Protein chains: 2
Amino acid sequence: MHISELDTPAMLVDLDIMERNLARAAAYASSHELRLRPHTKTHKSPDLAKLQMDRGAEGIAVAKVSEAEVMLAAEPEDLLIAYPVIGAKKLERLVAVAGQTRVTVSLDSPEAASQLSSAVSTAGLNVRVLAEVDAGLGRIGVHAGHELLELARTIDRLPGLELDGFTFYPGHIKALDDDAFESLERLAGMVEATVEDFDRDGLSRRIVSGGSTPTLFHSHRVRGMNEIRPGTYIFNDRNCVACGCCQLEDCAASILTTVVSTARKNGMMIDGGSKTFFSDSLVTGTDGYFGHILEAPEARFFKMNEEHGYVDLAASPRKFAIGDRVRVIPNHICVAMNLHETAYGIRGEEVVHKWPVAARGKLQ
Amino acid sequence: MHISELDTPAMLVDLDIMERNLARAAAYASSHELRLRPHTKTHKSPDLAKLQMDRGAEGIAVAKVSEAEVMLAAEPEDLLIAYPVIGAKKLERLVAVAGQTRVTVSLDSPEAASQLSSAVSTAGLNVRVLAEVDAGLGRIGVHAGHELLELARTIDRLPGLELDGFTFYPGHIKALDDDAFESLERLAGMVEATVEDFDRDGLSRRIVSGGSTPTLFHSHRVRGMNEIRPGTYIFNDRNCVACGCCQLEDCAASILTTVVSTARKNGMMIDGGSKTFFSDSLVTGTDGYFGHILEAPEARFFKMNEEHGYVDLAASPRKFAIGDRVRVIPNHICVAMNLHETAYGIRGEEVVHKWPVAARGKLQ
């Protein structure tokens, strides 16, 4: 089927680009002896998780128990729930997942550790646990040093929990500038000191897990880190381009839209707005636009309502008529994908595959 | 079932408040002889559309053919697709919907009118059409005056199309300040002039459709307008409070979340981020927060990642422990609801009803 036979808006994934992205990350991870555990929240598809594992990934990561349930279909040997699992209902479901595959959980509090311990040990199971340390984002994670060691010791003592190392998420590092490389150096210092602390205390640090898409190809700078968990890298997006971690031609996902109005002089409205693209601005704040239009690189996608995309064509030599279609690379593919029920795999202009975004909207 | 038995995050709708909102709008519309045709993109539920029609609404509005298909379950006598329907696939589906109930379409171009005419007349059907004029938002809609008359005449001539009047969306009017009231006056002037133009040409202006939630209770100022299409009013949200069109206690929808980390001093992380709340800022730009926490009004919900909500509790006398739950009124309920599979109706703290967000993610 040709792209033109799809109705719009439609989420397209260029499979050639996606496969190149997967191969590049796998080769990098392998050459630096880094374990690659991709975060599947980006694509929310067991089909793509399987593809990642077929191409070098050792296990996968998810953000929620509901995502873990969906990802069981990919038959991962190892499933990291990279989020503290709190509350009886979620723990009950986590136990069910842990009965089917090896589960690792990252967490940052004795409360989370204790709840998890009760749930899994009551069920006669055990799960691996990574103690989470804040790498500078100020989100989840205790402070490095004393607090982290205390947390690791607590985990180590609790029944049903197998301390497997520590984890962090360098989400504060976005654009790859001098500050970013300094931050990576500081992170390396923290990791080295923590490894020494863990070794002194006899605590397992088999897994030292970090890594994000912006920092992916600089992960080797964080000496001592042996696992990375990038998510966005499978598709890349406008944020990645703005951060300097890929080029536009590395962006595999785009959204096909139709021009529905040209009533505004030098402008057009497309049939995708915030319910199609999401309303995230660029993380770098480089510009205020909401996507890159492949057919009109000079166009400015400057505003959205829920179902309307406002495009200014003043600077674009190419103009459009009602019914014309354009493909738009979104700012943030993880949140855009989550708005779509289906994604279409393309090679050139042929639609060769389609898959459900199976964990779309899995919130709990 | 008590609220505490729900897993989080969960979309709650306080039915008492919702019913009060519906009654208030219906009473206002009735007292001013305004036809109320609510936009269902806010709730995306045929159950709630039915409730709106049971309580005074005459027909409903949708943004997409896919939403129209879902809303057929509410058995509306009249279904307005308030969006130009472009392309053969969508028109084919529109024809199927028009075979089941009376359909009205708003559009702003001869191209859209001509495509629609071919599709419906080939099928031996006819649909009502509203010519769309720009009221100041600069989105869909031709200019008032000559352009609008030309469009209306085109619609009037085409087979299968029954010109039913004109429509506009005053989405540029947000906060109810002096500027807003001046804009409403200008809008009234435009409407009056257009009605005269239509009458001079013998064009039908049975329906003069406008109205949004911010301007809802000031609709009578736009003399000559006889239909309003508010969407958000069923729930209200933080945007509505910021615009001055309701109070916090009129907000029916809130999202139940759990505290998952307290590792940051004076802060907490809740298990809802942008994939739960959406990332829209307040339309008024009044503050940079992402929700109002009912249990801690002084707390600042200042940042989100996909599954993390960052809350600063420095100014809040109430502190929270891991596992505590808080209810959060979102900035923009239309986009937040679209992220949830299910909504839970509550009375006090009892969950008394649950419904699927049936048109969630219907993009085409």
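Residues numbered from 1 in each chain as written. Chains lettered and ligands numbered in written order. Predicted model: local features only at pLDDT ≥ 70, side-chain atom pairs only at ≥ 80, totals over all residues.

## Looking at the overall build of chain A
A count of helices and strands for chain A gives 10 helices and 17 strands. Seen through its C-alpha atoms, chain A measures out along the principal axes to roughly 70 × 45 × 35 Å. Per-residue burial for chain A yields a buried fraction of 58% across its 364 residues. A sequence separation of at least 24 residues applies to 67% of the contacts in chain A between residues at least 6 apart. (Helix = DSSP H or I, 4+ residues; strand = E, 2+ residues; numbered from the N terminus. Buried ≥ 20, exposed ≤ 12 C-beta atoms within 10 Å, placed from the backbone. Contact = placed C-beta atoms within 7 Å.)

## Concerning the interface of chain B and chain A
On the side of chain A, 51 residues touch chain B, which itself brings 51 residues to the contact. Counting only elements with at least two residues in the side of chain B that touches chain A, the list comes to helix 4 (88–98), helix 5 (110–122), strand 10 (253–261), helix 9 (274–277) and helix 10 (333–337) of chain B. Of the residues in the side of chain B that touches chain A, the class split is 18 nonpolar, 18 polar and 15 charged. (Nonpolar A, V, L, I, M, F, W, Y, C, P; charged D, E, K, R; others polar.)

## Let's talk about the nonpolar core
Ranked by internal contacts, the top residues of the largest apolar core, which has 242 residues, are Ile81 and Leu116 of chain A together with Ile81 and Leu116 of chain B. With residues near it in sequence (within four places) discarded, Leu116 of chain B still touches Val85, Leu91, Val105, Leu107, Val127 and Leu161 of chain B. (Core = buried A, V, L, I, M, F, W, Y, C linked by C-beta atoms within 7 Å.)

## A few points about the domain arrangement of chain A
Residues and elements named next belong to chain A. Domain boundaries assigned for chain A yield domain 1 (3–9 + 244–356) and domain 2 (16–235). Distance between the C-alpha centres of domain 1 and domain 2: 32 Å. Every contact between the two is made by 14 residues of domain 1 and, on the other side, 20 residues of domain 2. For the side of domain 1 that touches domain 2, a count of residues per class yields 9 nonpolar, 3 polar and 2 charged. (Domains from an automatic or database assignment.)

## Considering the packing of helix 4 (residues 88–98) of chain A against helix 5 (residues 110–122) of chain A
Residues and elements named next belong to chain A. The contact between helix 4 and helix 5 brings their axes to 9 Å, and the two run at 55°. Classified by the angle between their axes, helix 4 and helix 5 sit oblique to one another. Between helix 4 and helix 5 the crossing geometry is right-handed. Across from Leu91, Leu94, Val95 and Ala98 in helix 4, the residues of helix 5 making contact are Gln115, Leu116, Ala119 and Val120. (Axes fitted to C-alpha atoms, helices over the stretch in contact; angles between N-to-C directions. Parallel < 35°, antiparallel > 145°, perpendicular 65-115°, else oblique. Left-handed = near helix turned anticlockwise from the far one by under 90°.)

## Quick word on the sheet that holds strand 5 (residues 102–107) of chain B
Backbone hydrogen bonds are what pair the strands of a sheet, in a parallel or an antiparallel way. All names here are of chain B. Taking strand neighbours across the sheet as the criterion, the 8 strands line up as 2-9-8-7-6-5-4-3 in an open arrangement whose pairing is parallel. In this open sheet, the two strands that pair with only one neighbour each are strand 2 (35–36) and strand 3 (60–62). Sheet topology places strand 3 next to strand 4 (residues 78–81); 3 bridges connect them, and they run parallel. Note on strand 4: the bridge partner recorded for Val62 is Ile81. (Pairing = 2+ DSSP bridges.)

## Quick notes on the packing of helix 6 (residues 146–157) of chain B against helix 7 (residues 178–201) of chain B
Residues and elements named next belong to chain B. Across the interface, helix 6 lies against helix 7 with an axial gap of 11 Å and an inter-helix angle of 40°. When the interaxial angle is binned, helix 6 and helix 7 end up oblique. The way helix 6 lies across helix 7 gives a crossing that is right-handed. Contact residues: helix 6 offers Leu148, Leu149, Ala152 and Arg153, while helix 7 offers Thr194, Asp197, Phe198 and Asp201.

## Details of the pairing of strand 17 (residues 350–356) of chain B
All names here are of chain B. Both strand 16 (residues 342–347) and strand 17 contribute to a ladder of 6 bridges, which runs antiparallel. Within the sheet, the bridge partner assigned to Ile346 lies in strand 17 and is Val351. Two successive antiparallel strands, strand 16 and strand 17, enclose a turn made up of 2 residues, where Gly348 displays a positive phi of approximately 60°.

## A closer look at the relation of the copies chain B and chain A
Superposing chain B onto chain A requires a rotation of 180° together with a translation of 0.0 Å along the rotation axis, leaving an RMSD of 0.0 Å. What the superposition gives is, in effect, a two-fold axis relating one chain to the other. No C-alpha of chain B lies nearer the rotation axis than that of Ser279 of chain B, which sits 3.0 Å from it. (Least-squares fit on C-alpha atoms with pLDDT ≥ 70 in both.)

## Considerations on the pairing of strand 13 (residues 300–304) of chain A
Residue and element names in this part refer to chain A. Taken together, the 4 bridges between strand 13 and strand 14 (residues 309–312) define a ladder with antiparallel strand orientation. Paired with Phe301 across the strands is Val311, a residue of strand 14. The antiparallel hairpin formed by strand 13 and strand 14 contains 4 residues in its connecting segment.

## Concerning the sheet that holds strand 2 (residues 35–36) of chain A
All names here are of chain A. Spatially, the 8 strands line up as an open sheet ordered 2-9-8-7-6-5-4-3, and their pairing is parallel. In this open sheet, the two strands that pair with only one neighbour each are strand 2 and strand 3 (60–62). Running at roughly 145° to strand 5 (residues 102–107), helix 4 makes contact with strand 4 (78–81), strand 5 and strand 6 (127–132) of the sheet.

## A closer look at the environment of Thr276 of chain B
Relative to the elements of secondary structure, Thr276 of chain B occurs in helix 9. According to the C-beta neighbour criterion, Thr276 of chain B is buried, with 28 such atoms within 10 Å. For Thr276 of chain B, the contacting residues outside a window of four places in its chain are Leu363 of chain A together with Pro9, Ile255 and Leu339 of chain B.

## Description of helix 6 of chain B
All names here are of chain B. Helix length check: helix 6, at 12 residues, gives a terminal C-alpha distance of 17 Å against a target of 16 Å (1.5 Å per residue), a fit within 8%. Buried within helix 6 we find Leu148, Leu151, Ala152 and Ile155. Down the axis of helix 6, the buried set is contained in an arc of 100°. They therefore lie on one face. Of the exposed residues in helix 6, those oriented more than 90 degrees away from the buried face are His146 and Arg157. Contacts made by the buried residues of helix 6 are with helix 5, strand 6 (127–132), strand 7 (161–167) and helix 7. (Expected span 1.5 Å × (residues − 1). Arc of directions from axis to C-beta.)

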